[in-house]
Amino acid sequence: MAIRNLTGVSQFLLLGVSEELKLQHFIFGLFLSMYLITVFGNLLIILAVSSDSHLHTPMYFFLFNLSFVDICFTSTIPKMLWNIQTQRKVITYESCITQMYFFTLFAGLDTLFLTVMAYDHFMAICHPLYYTVIMNPQLCELLVLVSWVISVLHSLLESLSLLILSFCTFLEIPHFFCELNQMIQLASSDTFLNNVVMYSGAVFLAGSSFMCILHSYSRIVSSIGRISSSQGKYKAFSTCASHLSVVSLFYCTGLGVYLSSAGTHRFHSSATASVMYTVVTPMLNPFIYSLRNKDLKKGLKKLFRKIIIKGPIGI
(Lines give C-alpha, C1' and ligand atoms only; values in the text may rest on other atoms or scores of the structure.)
Protein backbone atom coordinates (compact mmCIF):
# COMPACT_ATOMS: atom_id res chain seq x y z
CA MET A 1 0.00 0.00 0.00
CA ALA A 2 1.05 3.60 -0.29
CA ILE A 3 2.85 5.18 2.64
CA ARG A 4 0.40 7.40 4.51
CA ASN A 5 1.07 10.88 5.77
CA LEU A 6 -0.01 12.32 9.12
CA THR A 7 -3.53 13.04 7.89
CA GLY A 8 -3.95 9.44 6.72
CA VAL A 9 -4.30 10.45 3.08
CA SER A 10 -1.60 10.09 0.44
CA GLN A 11 -1.61 12.84 -2.16
CA PHE A 12 -0.21 12.87 -5.69
CA LEU A 13 0.43 15.88 -7.91
CA LEU A 14 -0.86 15.74 -11.50
CA LEU A 15 1.52 17.88 -13.56
CA GLY A 16 -0.76 18.13 -16.61
CA VAL A 17 0.35 19.04 -20.13
CA SER A 18 1.94 22.39 -19.36
CA GLU A 19 3.48 24.10 -16.34
CA GLU A 20 3.54 27.53 -17.98
CA LEU A 21 0.85 29.79 -16.55
CA LYS A 22 0.56 31.75 -19.82
CA LEU A 23 -0.52 28.63 -21.67
CA GLN A 24 -2.97 27.33 -19.09
CA HIS A 25 -5.84 29.68 -20.02
CA PHE A 26 -5.46 28.65 -23.65
CA ILE A 27 -5.27 24.97 -22.69
CA PHE A 28 -8.38 25.33 -20.50
CA GLY A 29 -10.41 26.78 -23.37
CA LEU A 30 -9.05 24.24 -25.87
CA PHE A 31 -9.77 21.20 -23.71
CA LEU A 32 -13.17 22.48 -22.65
CA SER A 33 -14.12 22.91 -26.31
CA MET A 34 -12.80 19.45 -27.21
CA TYR A 35 -14.65 17.87 -24.30
CA LEU A 36 -17.95 19.52 -25.23
CA ILE A 37 -17.52 18.53 -28.89
CA THR A 38 -16.78 14.93 -27.84
CA VAL A 39 -19.81 14.66 -25.56
CA PHE A 40 -22.14 16.46 -27.98
CA GLY A 41 -20.97 14.51 -31.06
CA ASN A 42 -21.20 11.09 -29.44
CA LEU A 43 -24.50 11.98 -27.78
CA LEU A 44 -25.94 12.89 -31.19
CA ILE A 45 -24.97 9.46 -32.53
CA ILE A 46 -26.60 7.78 -29.51
CA LEU A 47 -29.82 9.76 -29.99
CA ALA A 48 -29.87 9.23 -33.76
CA VAL A 49 -29.45 5.46 -33.44
CA SER A 50 -32.06 5.29 -30.67
CA SER A 51 -34.68 7.36 -32.48
CA ASP A 52 -34.40 6.00 -36.05
CA SER A 53 -35.73 2.48 -36.58
CA HIS A 54 -33.71 2.16 -39.81
CA LEU A 55 -30.55 2.28 -37.67
CA HIS A 56 -31.60 -0.59 -35.43
CA THR A 57 -29.07 -2.94 -36.98
CA PRO A 58 -26.02 -4.72 -35.46
CA MET A 59 -23.56 -2.20 -36.91
CA TYR A 60 -25.30 0.81 -35.36
CA PHE A 61 -26.00 -1.08 -32.14
CA PHE A 62 -22.24 -1.49 -31.69
CA LEU A 63 -21.67 2.12 -32.73
CA PHE A 64 -24.21 3.18 -30.10
CA ASN A 65 -22.20 1.36 -27.42
CA LEU A 66 -18.88 2.70 -28.75
CA SER A 67 -20.19 6.29 -28.58
CA PHE A 68 -21.33 5.77 -24.98
CA VAL A 69 -17.91 4.41 -24.02
CA ASP A 70 -16.16 7.32 -25.77
CA ILE A 71 -18.12 9.78 -23.64
CA CYS A 72 -17.05 7.90 -20.50
CA PHE A 73 -13.48 7.58 -21.82
CA THR A 74 -13.06 11.37 -21.62
CA SER A 75 -14.07 11.47 -17.94
CA THR A 76 -10.51 12.51 -16.98
CA ILE A 77 -10.91 15.89 -18.73
CA PRO A 78 -13.24 17.55 -16.15
CA LYS A 79 -10.68 16.80 -13.42
CA MET A 80 -7.94 18.41 -15.51
CA LEU A 81 -10.12 21.45 -16.22
CA TRP A 82 -10.85 21.77 -12.50
CA ASN A 83 -7.11 21.57 -11.75
CA ILE A 84 -6.34 24.35 -14.24
CA GLN A 85 -9.17 26.56 -13.00
CA THR A 86 -8.38 26.20 -9.28
CA GLN A 87 -4.60 25.81 -9.70
CA ARG A 88 -4.92 22.81 -7.36
CA LYS A 89 -3.48 19.71 -8.98
CA VAL A 90 -3.56 17.35 -6.03
CA ILE A 91 -5.35 13.99 -6.17
CA THR A 92 -5.58 11.48 -3.32
CA TYR A 93 -4.27 7.94 -3.57
CA GLU A 94 -7.78 6.46 -3.47
CA SER A 95 -9.03 8.83 -6.18
CA CYS A 96 -6.01 8.05 -8.33
CA ILE A 97 -6.65 4.30 -8.15
CA THR A 98 -10.34 4.87 -8.95
CA GLN A 99 -9.48 7.10 -11.91
CA MET A 100 -7.02 4.54 -13.25
CA TYR A 101 -9.59 1.73 -12.87
CA PHE A 102 -12.23 3.49 -14.96
CA PHE A 103 -9.72 4.67 -17.55
CA THR A 104 -8.47 1.10 -18.03
CA LEU A 105 -12.06 -0.15 -18.13
CA PHE A 106 -13.20 2.19 -20.90
CA ALA A 107 -9.97 1.79 -22.89
CA GLY A 108 -10.52 -1.97 -22.84
CA LEU A 109 -14.14 -1.56 -23.90
CA ASP A 110 -13.08 0.66 -26.81
CA THR A 111 -10.66 -2.05 -27.93
CA LEU A 112 -13.23 -4.84 -27.69
CA PHE A 113 -16.06 -2.91 -29.36
CA LEU A 114 -13.80 -2.08 -32.31
CA THR A 115 -13.00 -5.80 -32.57
CA VAL A 116 -16.69 -6.75 -32.45
CA MET A 117 -17.44 -4.17 -35.15
CA ALA A 118 -14.72 -5.70 -37.34
CA TYR A 119 -16.37 -9.10 -36.91
CA ASP A 120 -19.73 -7.55 -37.85
CA HIS A 121 -18.22 -6.12 -41.07
CA PHE A 122 -16.64 -9.50 -41.80
CA MET A 123 -20.00 -11.27 -41.51
CA ALA A 124 -21.81 -8.62 -43.58
CA ILE A 125 -19.34 -8.77 -46.50
CA CYS A 126 -18.05 -12.34 -46.44
CA HIS A 127 -21.29 -14.11 -45.44
CA PRO A 128 -24.14 -11.79 -46.50
CA LEU A 129 -26.69 -14.62 -46.87
CA TYR A 130 -26.22 -15.76 -43.27
CA TYR A 131 -25.68 -12.28 -41.81
CA THR A 132 -29.18 -11.65 -40.42
CA VAL A 133 -29.38 -15.18 -39.01
CA ILE A 134 -25.98 -15.13 -37.27
CA MET A 135 -25.88 -11.48 -36.19
CA ASN A 136 -29.21 -11.65 -34.38
CA PRO A 137 -30.07 -9.32 -31.46
CA GLN A 138 -29.27 -12.02 -28.89
CA LEU A 139 -25.74 -12.52 -30.22
CA CYS A 140 -25.13 -8.75 -30.42
CA GLU A 141 -26.23 -8.27 -26.81
CA LEU A 142 -24.08 -11.24 -25.75
CA LEU A 143 -21.00 -9.78 -27.48
CA VAL A 144 -21.50 -6.47 -25.69
CA LEU A 145 -22.02 -8.22 -22.34
CA VAL A 146 -18.90 -10.36 -22.78
CA SER A 147 -16.91 -7.22 -23.68
CA TRP A 148 -18.07 -5.56 -20.45
CA VAL A 149 -17.22 -8.62 -18.35
CA ILE A 150 -13.72 -8.98 -19.84
CA SER A 151 -12.99 -5.25 -19.44
CA VAL A 152 -14.25 -5.13 -15.85
CA LEU A 153 -12.15 -8.16 -14.86
CA HIS A 154 -9.06 -6.86 -16.66
CA SER A 155 -9.35 -3.41 -15.09
CA LEU A 156 -9.97 -4.94 -11.65
CA LEU A 157 -6.87 -7.12 -11.98
CA GLU A 158 -4.70 -4.15 -12.99
CA SER A 159 -6.02 -2.03 -10.10
CA LEU A 160 -5.63 -4.76 -7.47
CA SER A 161 -2.07 -5.46 -8.58
CA LEU A 162 -1.30 -1.76 -8.06
CA LEU A 163 -2.44 -1.96 -4.42
CA ILE A 164 0.57 -4.11 -3.47
CA LEU A 165 3.00 -1.35 -4.48
CA SER A 166 4.46 1.24 -2.15
CA PHE A 167 4.57 4.94 -3.04
CA CYS A 168 6.02 8.00 -1.43
CA THR A 169 3.53 10.00 0.62
CA PHE A 170 3.67 12.78 -1.96
CA LEU A 171 4.92 12.41 -5.53
CA GLU A 172 4.50 14.01 -8.92
CA ILE A 173 2.66 12.23 -11.72
CA PRO A 174 3.77 13.61 -15.13
CA HIS A 175 0.26 13.39 -16.59
CA PHE A 176 -3.12 15.07 -16.35
CA PHE A 177 -4.55 11.74 -15.12
CA CYS A 178 -3.35 8.60 -13.32
CA GLU A 179 -2.05 6.36 -16.08
CA LEU A 180 -1.13 2.74 -15.26
CA ASN A 181 2.33 2.64 -16.84
CA GLN A 182 3.45 5.87 -15.15
CA MET A 183 2.09 4.76 -11.76
CA ILE A 184 4.14 1.57 -11.94
CA GLN A 185 7.27 3.50 -12.91
CA LEU A 186 6.85 5.84 -9.92
CA ALA A 187 6.46 3.06 -7.33
CA SER A 188 9.16 2.68 -4.70
CA SER A 189 8.85 -1.12 -4.40
CA ASP A 190 9.49 -4.07 -6.74
CA THR A 191 7.28 -3.79 -9.84
CA PHE A 192 8.10 -7.09 -11.55
CA LEU A 193 4.65 -8.62 -10.90
CA ASN A 194 2.90 -5.44 -12.00
CA ASN A 195 4.84 -5.33 -15.26
CA VAL A 196 3.96 -8.98 -15.93
CA VAL A 197 0.28 -8.28 -15.28
CA MET A 198 0.29 -5.07 -17.34
CA TYR A 199 2.05 -6.48 -20.40
CA SER A 200 0.17 -9.78 -20.24
CA GLY A 201 -3.09 -7.84 -20.14
CA ALA A 202 -1.95 -5.68 -23.05
CA VAL A 203 -1.02 -8.74 -25.14
CA PHE A 204 -4.24 -10.55 -24.24
CA LEU A 205 -6.62 -7.62 -24.72
CA ALA A 206 -5.06 -5.22 -27.22
CA GLY A 207 -2.82 -7.72 -29.03
CA SER A 208 -5.42 -10.44 -29.55
CA SER A 209 -8.06 -7.85 -30.51
CA PHE A 210 -5.73 -6.32 -33.08
CA MET A 211 -4.96 -9.75 -34.54
CA CYS A 212 -8.69 -10.49 -34.79
CA ILE A 213 -9.23 -7.19 -36.61
CA LEU A 214 -6.36 -7.93 -39.01
CA HIS A 215 -7.72 -11.41 -39.69
CA SER A 216 -11.23 -10.05 -40.31
CA TYR A 217 -9.99 -7.44 -42.77
CA SER A 218 -7.71 -9.88 -44.57
CA ARG A 219 -10.81 -12.00 -45.26
CA ILE A 220 -12.79 -8.88 -46.19
CA VAL A 221 -10.14 -7.72 -48.68
CA SER A 222 -10.10 -11.21 -50.20
CA SER A 223 -13.90 -11.15 -50.57
CA ILE A 224 -13.92 -7.65 -52.05
CA GLY A 225 -11.33 -8.76 -54.62
CA ARG A 226 -13.74 -11.40 -55.88
CA ILE A 227 -16.52 -8.85 -56.51
CA SER A 228 -16.81 -8.27 -60.25
CA SER A 229 -18.42 -4.81 -60.38
CA SER A 230 -16.46 -1.71 -59.37
CA GLN A 231 -19.60 -0.27 -57.79
CA GLY A 232 -19.93 -3.33 -55.57
CA LYS A 233 -16.29 -3.06 -54.54
CA TYR A 234 -16.70 0.63 -53.69
CA LYS A 235 -19.83 -0.05 -51.62
CA ALA A 236 -18.11 -2.84 -49.67
CA PHE A 237 -15.02 -0.74 -49.08
CA SER A 238 -16.98 2.34 -47.99
CA THR A 239 -18.74 0.19 -45.39
CA CYS A 240 -15.39 -0.50 -43.73
CA ALA A 241 -13.60 2.82 -44.34
CA SER A 242 -14.92 4.60 -41.24
CA HIS A 243 -14.16 1.69 -38.95
CA LEU A 244 -10.66 1.28 -40.39
CA SER A 245 -9.98 4.99 -39.81
CA VAL A 246 -11.09 4.77 -36.17
CA VAL A 247 -9.08 1.57 -35.57
CA SER A 248 -5.93 3.14 -37.06
CA LEU A 249 -6.33 6.29 -34.99
CA PHE A 250 -7.05 4.39 -31.77
CA TYR A 251 -4.19 1.89 -32.02
CA CYS A 252 -1.60 4.37 -33.30
CA THR A 253 -2.25 6.88 -30.50
CA GLY A 254 -2.49 4.10 -27.89
CA LEU A 255 0.84 2.66 -29.03
CA GLY A 256 2.30 6.17 -28.92
CA VAL A 257 1.37 6.51 -25.25
CA TYR A 258 3.36 3.46 -24.19
CA LEU A 259 6.30 4.07 -26.50
CA SER A 260 6.63 7.69 -25.36
CA SER A 261 6.40 6.74 -21.67
CA ALA A 262 9.01 3.99 -21.95
CA GLY A 263 11.63 6.31 -20.43
CA THR A 264 11.18 8.54 -17.40
CA HIS A 265 12.92 11.39 -19.22
CA ARG A 266 10.19 11.66 -21.84
CA PHE A 267 7.33 12.85 -19.64
CA HIS A 268 6.29 15.72 -21.91
CA SER A 269 6.02 13.57 -25.04
CA SER A 270 4.11 10.93 -23.04
CA ALA A 271 1.58 13.51 -21.83
CA THR A 272 1.15 14.81 -25.37
CA ALA A 273 0.56 11.29 -26.69
CA SER A 274 -1.99 10.72 -23.92
CA VAL A 275 -3.89 13.81 -25.04
CA MET A 276 -4.18 12.32 -28.54
CA TYR A 277 -5.26 8.98 -27.10
CA THR A 278 -7.81 10.12 -24.51
CA VAL A 279 -9.15 13.36 -26.02
CA VAL A 280 -8.58 13.69 -29.76
CA THR A 281 -9.56 10.13 -30.76
CA PRO A 282 -12.99 10.10 -29.02
CA MET A 283 -13.66 13.59 -30.40
CA LEU A 284 -12.93 12.58 -34.00
CA ASN A 285 -14.89 9.32 -33.96
CA PRO A 286 -18.35 10.95 -34.46
CA PHE A 287 -17.02 13.01 -37.38
CA ILE A 288 -15.42 9.98 -39.03
CA TYR A 289 -18.59 7.89 -38.81
CA SER A 290 -21.08 10.63 -39.68
CA LEU A 291 -19.18 12.11 -42.63
CA ARG A 292 -18.72 8.76 -44.42
CA ASN A 293 -22.04 7.13 -43.59
CA LYS A 294 -25.16 8.03 -45.58
CA ASP A 295 -27.57 6.16 -43.29
CA LEU A 296 -26.21 7.89 -40.21
CA LYS A 297 -26.41 11.25 -41.95
CA LYS A 298 -30.09 10.59 -42.66
CA GLY A 299 -30.62 9.57 -39.06
CA LEU A 300 -29.00 12.77 -37.81
CA LYS A 301 -31.13 14.87 -40.18
CA LYS A 302 -34.29 13.19 -38.86
CA LEU A 303 -33.12 13.83 -35.31
CA PHE A 304 -32.54 17.54 -36.02
CA ARG A 305 -35.99 17.81 -37.61
CA LYS A 306 -37.57 16.28 -34.52
CA ILE A 307 -35.65 18.66 -32.26
CA ILE A 308 -36.66 21.70 -34.37
CA ILE A 309 -40.32 20.66 -34.56
CA LYS A 310 -40.76 19.47 -30.98
CA GLY A 311 -38.43 22.03 -29.41
CA PRO A 312 -40.85 24.98 -29.33
CA ILE A 313 -43.61 22.72 -28.01
CA GLY A 314 -41.42 21.50 -25.19
CA ILE A 315 -40.52 25.06 -24.34
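Residues numbered from 1 in each chain as written. Predicted model: local features only at pLDDT ≥ 70, side-chain atom pairs only at ≥ 80, totals over all residues. Heavy atoms only, no water.

Undergrad: Any chance you could explain the packing of aromatic side chains here in plain terms?
TA: Geometrically, a pair of aromatic rings is defined through the distance of the ring centres and the angle of the planes. In total, this model carries 8 aromatic pairs according to the counting rule given. A ring pair is formed by phenylalanine 103 and phenylalanine 177, whose centres lie 4.7 Å apart and whose planes are at 40 degrees; its orientation type is tilted. With phenylalanine 103 in helix H4 (residues 93-126) and phenylalanine 177 in the loop between strand S3 (170-173) and helix H7 (180-185), this pair connects stretches of sequence that are 74 residues apart. Using a relative accessible area of 1% as the deciding quantity, one classes phenylalanine 177 as buried. Ring geometry for phenylalanine 250 and tyrosine 251: centres 5.7 Å apart, planes at 85 degrees, overall edge-to-face. Under the relative-accessibility criterion, phenylalanine 250 is labelled buried at 4%. For tyrosine 251, a relative accessible area of 16% corresponds to the buried category. Three or more aromatic residues joined by ring pairs make a cluster, and in this case those are Phe73, Phe103 and Phe177. (Phe/Tyr/Trp six-rings, centres within 6.5 Å; stacked < 30°, edge-to-face > 60°. Helix = DSSP H or I, 4+ residues; strand = E, 2+ residues; numbered from the N terminus. Buried < 20%, exposed > 50% of the residue type's maximum accessible area, 1.4 Å probe, protein only.)

Undergrad: Help me understand a positive patch on the surface in this model?
TA: On the surface, Lys294, Lys297, Lys298, Lys301 and Arg305 cluster together into a positively charged patch. Using a relative accessible area of 36% as the deciding quantity, one classes lysine 297 as partly exposed. (Patch = residues over 30% accessible without salt bridge, like charges linked within 9 Å, V, L, I, M, F, W, Y side chains within 5 Å. Areas by Shrake-Rupley, 256 points an atom, 1.4 Å probe, with all protein chains shown as cover. Salt bridge = Lys/Arg side-chain N within 4 Å of Asp/Glu carboxyl O. Lys, Arg positive; Asp, Glu negative; His and termini not counted. Charge placed at Lys NZ, Arg CZ, Asp CG, Glu CD.)

Undergrad: Got a minute to help me understand a nonpolar patch on the surface in this structure?
TA: A cluster of nonpolar side chains, contributed by Tyr119, Leu129, Tyr130, Val133 and Ile134, occupies part of the molecular surface with about 540 Å² of accessible area. Within the secondary structure, valine 133 is located in helix H5 (residues 131-134). Given the relative accessible area of 59%, valine 133 is considered exposed.

Undergrad: Sorry if this is basic, but what is going on with the UniProt feature "transmembrane region" (unreviewed entry) in the chain here?
TA: The positions UniProt marks with the feature "transmembrane region" (unreviewed entry) are residues 26-47, 59-78, 129-153, 160-177, 197-217, 237-259 and 271-291. Within residues 129-153, the helical portion is 84% and the strand portion 0%, while the C-alpha atoms at the span's ends are 36 Å from each other. (UniProt positions renumbered as here; feature names shortened; annotations may be inferred.)

Undergrad: So what exactly am I meant to see when it comes to the packing of helix H2 (residues 58-73) against H4 here?
TA: When two helices pack together, their arrangement is given by the angle between the helix axes and by the axis-to-axis distance. One way to put it is that H2 packs onto H4 with a least axis distance of 9 Å and a crossing angle of 165 degrees. When the axes of H2 and H4 are compared, the pair comes out roughly antiparallel. Considering only the axes of H2 and H4, their crossing is left-handed. Where H2 abuts H4, its residues Pro58, Met59, Phe62, Leu63, Asn65, Leu66, Val69, Asp70, Cys72 and Phe73 lie against Phe103, Phe106, Ala107, Leu109, Asp110, Phe113, Leu114, Val116, Met117, Asp120 and His121. Of the residues that constitute the contact of H2 with H4, the class distribution is 16 nonpolar, 2 polar and 3 charged. (Axes fitted to C-alpha atoms, helices over the stretch in contact; angles between N-to-C directions. Parallel < 35°, antiparallel > 145°, perpendicular 65-115°, else oblique. Left-handed = near helix turned anticlockwise from the far one by under 90°. Contact = heavy atoms within 4.5 Å. Nonpolar A, V, L, I, M, F, W, Y, C, P; charged D, E, K, R; others polar.)

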